[in-house]
Amino acid sequence: MPSEFELQQRVNRAAEAKTLIESQMLTECFNKLRQNYIDKLMETDATQSDIRDKYWMAARVVDVVRDHLVTIVNDGSVARSDLEQLAREGERKKRFGLV
């Protein structure tokens with residue numbers, strides 16, 4: 001299990017990522033950027049496969065960044081749970097004089 005310090009860092013990162021995910025401005029930016037790439041993709045014709053691939057990849061990158069933020073939030077939830085477990089174990093050791 002990671003150290004308490006590492007777990008706390010993951011919890012802190014999760015809080016930052018959650019703030020970003022819940023940011024109306026960032027959500028609007030992600031949505032607009034992704035839609036712009038899709039619109040540009042739809043404007044290409046079948047002979048422009050290189051350009052189509054680039055716009056598709058760009059739209060996917062927006063999704064990947066958003067998914068990464070969600071992963072950080074989820075990781076922070078697990079880290080918080082691990083910290084709570086460590087605290088319970090510490091209390092149990094104190095209670096039985098093992099510390």
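Remember, predicted model here, so these are calculated numbers, not experimental data. (Residues numbered from 1 in each chain as written. Predicted model: local features only at pLDDT ≥ 70, side-chain atom pairs only at ≥ 80, totals over all residues. Heavy atoms only, no water.)

Report on the pattern of salt bridges, specifying residues and quantitative values.
Counted by the stated rule, this structure contains four salt bridges. Asp 75 is the partner of Arg 10 in a salt bridge, and the nearest nitrogen-oxygen pair spans 2.9 Å. With a gap of 65 residues between them, Arg 10 in helix H1 (residues 4–22) and Asp 75 in helix H3 (residues 49–95) connect regions that are remote in the sequence. Given a relative accessible area of 22%, Arg 10 falls into the partly exposed group. Asp 63 serves as the salt-bridge partner of Arg 34, at 2.8 Å between the closest nitrogen and oxygen. Here Arg 34 is found in helix H2 (residues 24–43), whereas its partner Asp 63 is found in helix H3, with 29 residues between them in sequence. Connected via shared salt-bridge partners are Arg 34, Arg 60 and Asp 63. (Salt bridge = Lys/Arg side-chain N within 4 Å of Asp/Glu carboxyl O. Helix = DSSP H or I, 4+ residues; strand = E, 2+ residues; numbered from the N terminus. Buried < 20%, exposed > 50% of the residue type's maximum accessible area, 1.4 Å probe, protein only.)

Explain the confidence of the model for the chain to me, and be specific about the residues and the numbers.
Mean pLDDT for the chain: 94, with 95% of residues reaching 70 or above. At the level of individual helices and strands, the chain shows its lowest average pLDDT in H3, which scores 93, and its highest in H2, which scores 98. (pLDDT = per-residue confidence, 0-100.)

Quick one: what's the story with the nonpolar core, residue by residue and with numbers?
Nonpolar side chains tend toward joint burial in soluble globular proteins. Judged by nonpolar contacts, Ala 17, Phe 30, Val 62, Leu 69, Ile 72 and Val 73 together constitute the single largest core of six residues. Among all residues touching Ala 17, those that are not within four sequence positions of it are Leu 69, Ile 72 and Val 73. (Core = buried A, V, L, I, M, F, W, Y, C linked by side-chain atoms within 4.5 Å. Contact = heavy atoms within 4.5 Å.)

Which residues make up the environment of Ile 21, and what values do they have?
With respect to the secondary-structure elements, Ile 21 resides in helix H1. What makes Ile 21 partly exposed here is its relative accessible area of 32%. The sequence separation of Ile 21 and Asp 67 amounts to 46 residues, and the corresponding C-alpha distance is 9.8 Å. In this structure, Ile 21 is in contact with Thr 27, Leu 69, Val 70 and Val 73, ignoring residues within four places of it in sequence.

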